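Each chain, letter by letter, is given below.
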Amino acid sequence: MQRFEIHSHTHYSNIRLLDCINRPVELIKRALELGLCGIAITDHDCLSGHMEINKYALGLLEDHPSFKVGLGNEIYLCGSREMGQKYFHFILIAKNKLGHRALRELSSRAWMNSYWDRGMERVVTLYSDIEEIVNKYPGSLIASTACLGGQLSVETLNLINAEKTGDNIGAATAHQNIVNFVLWCKELFGKDFYIECAPGCSKEQIAVNKRLKSIADAFEVSMVIGTDAHYLK
């Protein structure tokens, strides 16, 4: 069975903070070395590496015709641009040229409305932005729930912790937030929406992964593994 890496970073993710040491070409070479069937580059709030990445990917076609390189973005998805809130991670990957145009429009809108909060420039994509652009370019984007910083994983961990402490109100709130978010994603992206889990070893990651499997089964959503790679090895 071959695996496609849906979530990875390069040094272009350093646009707002020191985040990653991977160079795009070296990251793609590493994916080939590992025997992956493809890799998506999903830098934080940044599409700047896509020209370099796409140029290199085109050069691979002769020797590796079945290897796919995806162009994506790890956005910060929120309901507003208020200060002090939680900035949820979310993965978007272009399926085609229209999908990349959708990424560019979303990214431009996020950067034009950026603001400073807690010592960092915040580049936020609103739920309403996603809805507008997806309806404008239907079927052009692939989406996944991202890492532990994603809304689904955050709410899942909230649910687990509430259950442990007997907080019935907190558990009910987290449960409803999970339901609302997954249904929103399914309505927008259909079969192109995936629940992402990571091969991490932390107690939180392991606990969340187990519950994500149950959520994926309940909503009939496919799961995908995302390593969230920031280093080659």
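Reading guide: rules and limits
- Residues numbered from 1 in each chain as written.
- Predicted model: local features only at pLDDT ≥ 70, side-chain atom pairs only at ≥ 80, totals over all residues.
- Heavy atoms only, no water.
- Salt bridge = Lys/Arg side-chain N within 4 Å of Asp/Glu carboxyl O.
- Helix = DSSP H or I, 4+ residues; strand = E, 2+ residues; numbered from the N terminus.
- Buried < 20%, exposed > 50% of the residue type's maximum accessible area, 1.4 Å probe, protein only.
- Arc of directions from axis to C-beta.
- Axes fitted to C-alpha atoms, helices over the stretch in contact; angles between N-to-C directions.
- Parallel < 35°, antiparallel > 145°, perpendicular 65-115°, else oblique.
- Left-handed = near helix turned anticlockwise from the far one by under 90°.
- Contact = heavy atoms within 4.5 Å.
- Nonpolar A, V, L, I, M, F, W, Y, C, P; charged D, E, K, R; others polar.
- Expected span 1.5 Å × (residues − 1).
- Core = buried A, V, L, I, M, F, W, Y, C linked by side-chain atoms within 4.5 Å.
- Phe/Tyr/Trp six-rings, centres within 6.5 Å; stacked < 30°, edge-to-face > 60°.

A. Region of the structure containing the pattern of salt bridges. Considering all chains together, one arrives at 13 salt bridges under this definition. Asp45 serves as the salt-bridge partner of Arg16, at 3.0 Å between the closest nitrogen and oxygen. Taken together, the positions of Arg16 in the loop between strand E1 (4–5) and helix H1 (24–33) and Asp45 in the loop between strand E2 (38–41) and helix H2 (50–59) put the pair 29 residues apart, joining distant regions of the chain. Neither residue differs from the other here; Arg16 and Asp45 are each classed as buried. Note that Arg109 is salt-bridged to Glu132, the shortest N-O span being 3.0 Å. On the criterion of sequence distance, the pair formed by Arg109 in helix H3 (residues 97–112) and Glu132 in helix H4 (residues 127–136) is long-range, its members being 23 residues apart. Judged by its relative accessible area of 45%, Glu132 is partly exposed. Salt bridges here are not isolated pairs; linked through shared partners, they connect Arg81, Arg109, Asp129 and Glu132.

B. Representation of H1 within the structure. Those residues of H1 lying buried are Pro24, Leu27, Ile28, Arg30 and Ala31. Each buried residue of H1 lies within a common arc of 155 degrees when the element is viewed along its axis, so the set occupies one face. Just beyond H1, the residue with positive phi is Gly35, at close to 85 degrees.

C. Just the packing of H1 against H2, in detail. Between H1 and H2, the shortest axis-to-axis distance is 10 Å and the interhelical angle comes to 40 degrees. With respect to H2, the element H1 is oriented oblique. Of the two elements, H1 crosses H2, and the hand of that crossing is right-handed. In this structure, H1 contributes Pro24, Val25, Ile28 and Lys29 to the contact, and H2 contributes Glu52, Ile53 and Tyr56. Looking at side-chain class alone, the contact of H1 with H2 contains five nonpolar, no polar and two charged residues.

D. Highlighting helix H5 (residues 151–165). Between its first and last C-alpha atoms H5 spans 21 Å; for 15 residues at 1.5 Å apiece the expected length is 21 Å, and the two agree. Buried within H5 we find Gln151, Leu152, Ser153, Val154, Glu155, Thr156, Leu159, Ile160 and Ala162. Those residues of H5 that are buried are in contact with strand E4 (88–94), H4, helix H6 (168–189), strand E9 (193–197) and helix H7 (203–219). Two residues or fewer past H5, Gly166 is found with a positive phi of approximately 75 degrees.

E. Fine view of the nonpolar core. Phe90, Leu92, Ile130 and Phe189 are the most contacted members of the largest nonpolar core, which totals 37 residues. Tallying contributions element by element places H6 first for this core, with ten residues. In this structure, Phe90 is in contact with Asn73, Glu74, Ile75, Leu77, Ala143, Ser144, Thr145, Ala146, Phe181, Cys185 and Phe189, ignoring residues within four places of it in sequence. In this structure, Ala31, Ile53, Leu60 and Phe67 belong to the second largest nonpolar core, which totals ten residues.

F. Structural view of the environment of Ser107. Among the structural elements, Ser107 can be located in helix H3. C-alpha of Ser107 to C-alpha of Lys191: the two residues are 84 residues apart in sequence and 23 Å apart in space. With near-sequence residues (within four places) excluded, Ser107 lies in contact with Asp45, Leu47 and Asn73.

G. Main features of the packing of aromatic side chains. A complete count under the given rule lists four aromatic pairs for this structure. For the ring pair Phe90 and Phe181, a centre distance of 6.0 Å and an interplane angle of 80 degrees mean the geometry is edge-to-face. Of this pair, Phe90 sits in strand E4 while Phe181 sits in helix H6, placing them 91 residues apart in sequence. The pair formed by Phe90 and Phe181 is uniform in burial state, with each residue classed as buried. Plain terms: the ring middles of Phe181 and Trp184 are 6.1 Å apart, the flat faces sit at 25 degrees to each other, and that makes the pair stacked. One end of the pair is Phe181 and the other is Trp184, both in helix H6 and three residues apart, which spans about a single turn. Taken as a pair, Phe181 and Trp184 share a single burial class, namely buried.

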